[in-house]
Structure formats: C-alpha cells, structure tokens
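Structure assessment
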Amino acid sequence: MSDVIKSYNALSSSSPRLDVSVIFQSIINAPPYAFVKESRSELIQTILRDLKTAGPKSRLTAKDAAQALLAVKTLGKNPTGSENLATPATLSTLLSFATTFKDDPEASSEALRCIANTLLLFDYARAAFVDKEVNGGDICFALLDKSTTPDQIFILSRILFLATVSGPALVISLVEDKRHGRTVVDLISAKLDTLIISILSGTKLAREAMADLLKFTFNLLLHYPKMVDAEPQNPGAGDNAQKVIGDAWSPNLDGLLPPLLRVFYSLPPTFPCPLISPLTHCIHALITIPVNNASLQSIWFGPPTPPRRSSTNSPKFTSTTSAGSSSSRSDSPTLSQTPPKSTTPLDRALSVLSGKRASRSPSPHPPHLSADILLRAYDMLEVTFSHYFPDNIDCDDPSVREKPKKESLDGSLDDICSPLIVLITRLCLADASSRARLREWIVPCDLDRSSPLEQRSDLLGRCLRLMGSVYHTRLKDSIGEMLFAMSDSDATTLSSLVGYGNVAGFLFNKGIMSAPPPPSSGPGVDVNAPDGKSINPITGNTMARPEMPEMTEEEKEAEMEKLFVLFDRLERTGALPANQNPIRKAMQQSQSS
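Residues numbered from 1 in each chain as written. Predicted model: local features only at pLDDT ≥ 70, side-chain atom pairs only at ≥ 80, totals over all residues. Heavy atoms only, no water.

What follows is about the overall build of the chain. Looking only at helices and strands, the chain has 26 helices and two strands in total. The 593 residues of the chain split such that 50% are buried. Within the chain, residue pairs in contact and separated by at least 24 positions form 69% of the contacts whose partners lie at least 6 positions apart. As displayed, the chain offers around 28200 Å² of accessible surface, 54% of which is attributable to carbon and sulfur atoms. (Helix = DSSP H or I, 4+ residues; strand = E, 2+ residues; numbered from the N terminus. Buried < 20%, exposed > 50% of the residue type's maximum accessible area, 1.4 Å probe, protein only. Contact = heavy atoms within 4.5 Å. Areas by Shrake-Rupley, 256 points an atom, 1.4 Å probe, with all protein chains shown as cover.)

Next up, the structure:
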C-alpha cells in the first residue's frame, strides 16, 4: 500500500476533492493487513497532522474531516502500527476534533469512535485518557450532558465504560463531584429516561446506546462501593474481607435504582426471548444494588401487593410455548401489562407514545409499565424457559445448547438466564412476601402431584430438570438457590415442596448430607395433596410406592456381603474414616453386647 501513501502525500490544497475522497475510500476499503507497521503509523500521523491545520490552504478541509477520521479509525483497528493513537497527545488531539468539528456531527462522532477503538485495543490508553493531561473523563461527561441523539450517547457511553473498567479514581470523582450542576447519577438517570422513549419510538441505535450506558452504570455500581468507606450490607463479611458485589453500598448511588427499575419495567418485550440487550445489562446493574437496604426497600417493592395473582385476570403474553404446555399457575407465560398511574414526565410520555402506537397499528405487545418487580422478573423467567426448554425436553438435549447460538446471542444459557434468577433470589431473601408469592406461583397449594414433578412441562418441571443438568452448571446452582430462598432457606420446607430426591444434590453441596426430617407445619407446606393423598417426601408426588417382593435369607446375606465389601474398599482407600464405617460400627456393637 505504499502507492496509497505516495498518492496521499502528493495531494495539495488545489487537489480536486474527488481525488481526496478516492484516496480515503481506498484506505477504508483496504484489507486489515494491507499496511505494514511503519506505513500504518506514518499514514495515521500524517492524516491527524493535516486535520489539525485543516482549511482552504491545507491539504484537507473541514469537509474532508469525517472521511479522514473514518480512515484513521479503520487503520487503528489493527494495533500493529497504531500505538501512536494511545499516547496522551494523540488522545487529546482526537478529543479536540470532537469539539472542533461540532458543526459536522459525523466527523465529531468519528473522532470519538477512534478514541473508543483505541481504549479497547490498548489497556494503558485508558489510564492516559483519564489522566489530568488529557482529562478525557471530564470532557466526555460534558459532551454526554449535551448529547441529544442515541448515536452520540452510544459512543460517549462506550468511551466512559472503557475508561472505568478497571475502577480508576475517576469513578469517585464522577459520583461525588458535580459537573455542570449535577453528578453522574443525575446524568445517567436523565439519559436512561430519554433512551426509553427513543427505544419505544423505534429510533435507530437507541438500544445500543442504552446498552453501553448501562455498562458504564454497572462499572460505577461495581467499583465505587469498594473504593470508599461504604456501608456493609452483609453481616457475615469481615472488615478485612475482600468486598464483592452487594457486600457494601453507598447512599451516593441510591439515585440509580429508580431509573434502572423504570428501564426494567418499560422495555418492550422481545421475541422469542425477552432476555437480550439492553435488558440483560439492566439486570446486571440491578443485582449489584442491595435489596435489604432499609432506604431502598420502598423503591424496590413499592406499595404492598396481593400474595397471589389470579391467572384468569392476568393478560396473556404470547410466546412460543406449545398449546399443550401447562403451567402451575396458568396455561402459558404471562407478562403484566397494567400501567400504574402516570406521575412523572417519563410516565406521561410513555402513555402518549403508547397511545400513538396503538392508534397507528394494533400491536399484540404494547409498551407497558409495572410496579411489581417480582412479577415482572418471574414472567420473564417463565417466558425464557418456555422458549429454551419447550414442553418437557431434557435440559441437556443438544438442541437446547444450540438454540442460543442459532439466535446469535452473546453467551450460553448460563450467561443469559442466571442473572435474572439471581435477581429473583435476592428479592426473596430480602422480603417474606416475595418468598410466599413465588412459592405460590411455582408450587401452588392446588398443584397436581399425581405424576412426577420433574416431568411437568411448566416452570416447576423445568427447574427440577435443571437441578440434574450436567451442562448448565451455573444455571443449576442459581435455580437451587432460588428454590431454597423461596422455601425460607429451610431444607425441610424445600424437600416438602418438591421432594428430597429432586434437590438432594443441591442440599448435599450446602452441607446437608441426609434427608431433613419431615415438616410438622409451616407456611406453604402441606404433607397432603389437595386430594387428601399423602405426599411422598422423596419424590414430591402422590404416586403409590411400588411393592417390593420380600427378599429371601440368601438374598439378604448376598446384599450384606456386597455392602461389607463396598465399605471396606472405601475405608482402605481413605475415602471413609474407620470410625464412620457403619459395618465396623455394627460389628463392634454386637461384640460389646
């Protein structure tokens, strides 16, 4: 590509603009490795130098800026030879272009995209960018404050996300210091509300902009409580223990919860799976916020809600579930679509927007709001499981693992579903009413227990099948914790609800080595099914136990010999201490007596 460099260097202020455009286009269309390291570096520096002096007497004019910066961005995608872009001087130059060419939005955006690519490729550029010499954090904050389009919000959020990945001191400054009269919490809240309306109106790049703004928000929620003297939220965590998500919290971040919940409630459902970006990023941010914090609980849960919702009064939510599939609550997944009374400008805007959309074309899935986070999260989980685990399919079936790949989703089912389940679990751990409601939805009192629970084609059956999954290990653990939290963190209650056999492995991993004693009484627990039949404590259903034929004396002796050999082998290999060998104990007791 030496010819391209020669052609570019031969340009002058009198060169036709078409010739300039052709050369830049050849750079943009060139294969990634068309330029050697030295040529790439020389071309990047030459273009940037010409842009600094852009004008009538220069090789480049302001009208060439957008295409020139696009060429720089294309060259910078290959880190070999692009190292100069990561220097403080070049980062400052690119930032200056974002304001110098403010009358050309495309040129300004391309300069910011060059910065974003550089921060992505060169880790050390992130520290240089937020350093005082460049002051990129403050400049991008100001630009984000003035941004009005999703495209601008997208690229500026991407830069701030990359600049705060490692938790620099900039995080503390952004949260605590006011810029232009407001903190970053105020700014994020305003931009999220703006993007909700943009998404509902179908504005281009609105979803992508919200996704990156939520990633930036997650960085603040993740790092800030660890960097300051935050309030401990987990009594079990020591003062010197390493802080993890949820162990500490600062009131300075309280203002992020309301806009995140508005995003969670307001994003329209997507089909066939509701768990895609930016909703997934919203969930990631929500699970970093403590639910048991006294000052936040009223925001999390809002006004009291009935302990159980009626499936006959709940509007149906169309999904890919087959007609024959059944649920412990209703025949198909549902999503609440009852909006609360509009009290904020955002609510009123959403109501007006929803009305306009409905008047243009009747949509089966109108925009909706809800004040019930547990119901909203539960419905999302039910719809998602119905899509990825249709009917009573084996959770480890190859088709289940292939479906996210065919849908081009980021990550496996463990990555997609686990955060939502963690959110539900945290709601249950913090609120007794949420535990009771979830217990009634998943294992209602009138549950039909005449067939194996793990073979059901509803959410309960899918959860129990996942408990025995081999491939979905993280999802399996998350489901176990959710069911355990739903059962008041009591092994006896959990076993009584779903049968000890279905959760034996999970309880074993929690240190409960044997079946807990049967319950005498408790909330949501009944030892008898609605038809009066006794519930099998192992299987959780009312199927009659098969009658085993009586063993002969010879068969009993053979079985005892097998057990003796087995325990003796375990003792010899060290897997079983001698004082815990039941055969040896029985022999010692018989000798002593």
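Attention now moves to the environment of T203. Tracing the sequence through the fold places T203 in the loop between α11 (184-200) and α12 (206-227). What makes T203 partly exposed here is its relative accessible area of 35%. Distance from T203 to T149, taken between C-alpha atoms, is 9.2 Å for residues 54 residues apart in sequence. In this structure, T203 is in contact with P150 and S198, ignoring residues within four places of it in sequence.

Bringing unusual backbone geometry into the picture now. Residues S277 and P278 are joined by a peptide bond in cis, for which omega reads 5 degrees. Tracing the chain through its elements places P278 in the loop between α13 (257-266) and α14 (279-286). A positive phi angle, near 70 degrees, is found at L205, a position not held by glycine. Within the element layout of this structure, L205 appears in the loop between α11 and α12.

Here we come to the pattern of salt bridges. Under the criterion given, the structure shown has 22 salt bridges. Here E571 makes a salt bridge to R584, at a shortest N to O gap of 2.8 Å. Here E571 is found in helix α25 (residues 553-572), whereas its partner R584 is found in helix α26 (residues 582-592), with 13 residues between them in sequence. (Salt bridge = Lys/Arg side-chain N within 4 Å of Asp/Glu carboxyl O.)

Judged by side-chain charge, E553, E554, E555 and E557 come together as a negatively charged surface patch. Inspection of the secondary structure assignment puts E555 in helix α25. (Patch = residues over 30% accessible without salt bridge, like charges linked within 9 Å, V, L, I, M, F, W, Y side chains within 5 Å. Lys, Arg positive; Asp, Glu negative; His and termini not counted. Charge placed at Lys NZ, Arg CZ, Asp CG, Glu CD.)

Moving on: the nonpolar core. Counting residues in each nonpolar core, the largest one holds 151 residues, and the members touching the most others are I47, F264, W300 and F385. Non-local contacts of F264, meaning those with residues more than four positions away in its chain, are made with L279, C282, I283, L286, I373, R376, A377, M380 and L423. (Core = buried A, V, L, I, M, F, W, Y, C linked by side-chain atoms within 4.5 Å.)

It is worth spelling out the packing of aromatic side chains at this point. In total, this model carries seven aromatic pairs according to the counting rule given. Seen from the ring of F161, K215 lies directly overhead, with NZ or CZ sitting 5.7 Å from the centre. The ring of Y471 has R401 lying over it, and the distance from NZ or CZ to the ring centre is 3.7 Å. (Phe/Tyr/Trp six-rings, centres within 6.5 Å; stacked < 30°, edge-to-face > 60°. Lys NZ or Arg CZ within 6 Å of the ring centre and 35° of its normal.)

Below, the discussion takes up the side chain of S478. Mapped onto the secondary structure, S478 falls in helix α22 (residues 473-486). Beyond its immediate stretch of four places on either side in the chain, S478 contacts S418, I421, V422 and T425.

The next point concerns the packing of helix α19 (residues 413-430) against α22. Interaxial distance between α19 and α22 falls to 9 Å at its minimum, and their mutual angle equals 15 degrees. Between α19 and α22, the angle falls in the class roughly parallel. Remark: the crossing between α19 and α22 carries left-handed chirality. Only T473, R474, L475, S478, I479, E481, M482 and A485 of α22 make contact with α19, whose side of the interface consists of L413, D414, D415, C417, S418, I421, V422, I424, T425, C428 and L429. Per-class residue counts for the contact of α19 with α22 are eleven nonpolar, four polar and four charged. (Axes fitted to C-alpha atoms, helices over the stretch in contact; angles between N-to-C directions. Parallel < 35°, antiparallel > 145°, perpendicular 65-115°, else oblique. Left-handed = near helix turned anticlockwise from the far one by under 90°. Nonpolar A, V, L, I, M, F, W, Y, C, P; charged D, E, K, R; others polar.)

Now for a nonpolar patch on the surface. Together, M560, L563, L566 and L570 make up a nonpolar patch on the protein surface, roughly 330 Å² of accessible area in all. Mapped onto the fold, L566 is located in helix α25. The exposure class of L566 is partly exposed, given its relative accessible area of 41%.

Glancing now at the environment of E382. With respect to the helices, strands and loops of the structure, E382 is situated in helix α17 (residues 373-388). On the basis of relative accessible area, E382 is assigned to the buried category, the value being 2%. A C-alpha to C-alpha distance of 6.2 Å links E382 and L459, two positions 77 residues apart in sequence.

Note on helix geometry: an α-helix contains 3.6 residues per turn, so any two residues three or four positions apart are oriented the same way. Summarising burial for helix α21 (residues 459-466): eight of the eight residues are buried, a large majority. For α21, the secondary structure elements touched by its buried residues are α17, α20 (432-442), α22, α23 (491-498) and α24 (500-509).

Now for the confidence of the model for the chain. Any segment with low pLDDT has predicted coordinates that should not be analysed in fine detail. Per-residue confidence for the chain gives a mean pLDDT of 84; residues scoring 70 or more make up 83%. Within the chain, the lowest mean pLDDT, 46, falls on helix α16 (residues 345-360), and the highest, 97, falls on helix α9 (residues 150-163). This stretch, residues 307-343, has a pLDDT under 50; its non-local contacts, to residues over four places away or in other chains, come to 84 contacts. Between residues 352-370, whose pLDDT stays under 50, and residues either more than four places distant or in other chains, the model counts 29 contacts. (pLDDT = per-residue confidence, 0-100.)

Turning next to the side chain of S198. Counting through the fold element by element, S198 comes out in helix α11. Owing to a relative accessible area of 12%, S198 belongs among the buried residues under this scheme.

For the structure shown, the criterion picks out zero disulfides. In this model C463 remains outside any disulfide bridge; the closest cysteine sulfur is found in C395, 8.9 Å from its own. (Disulfide = S-S within 2.5 Å.)

Attention now goes to the environment of L170. Position of L170 relative to the elements: it lies in helix α10 (residues 170-176). Put simply, L170 and A127 are 43 residues apart on the chain and 9.8 Å apart in space, counted from C-alpha to C-alpha. Leave out the neighbours within four places in its chain, and L170 touches V130, G137 and T164.

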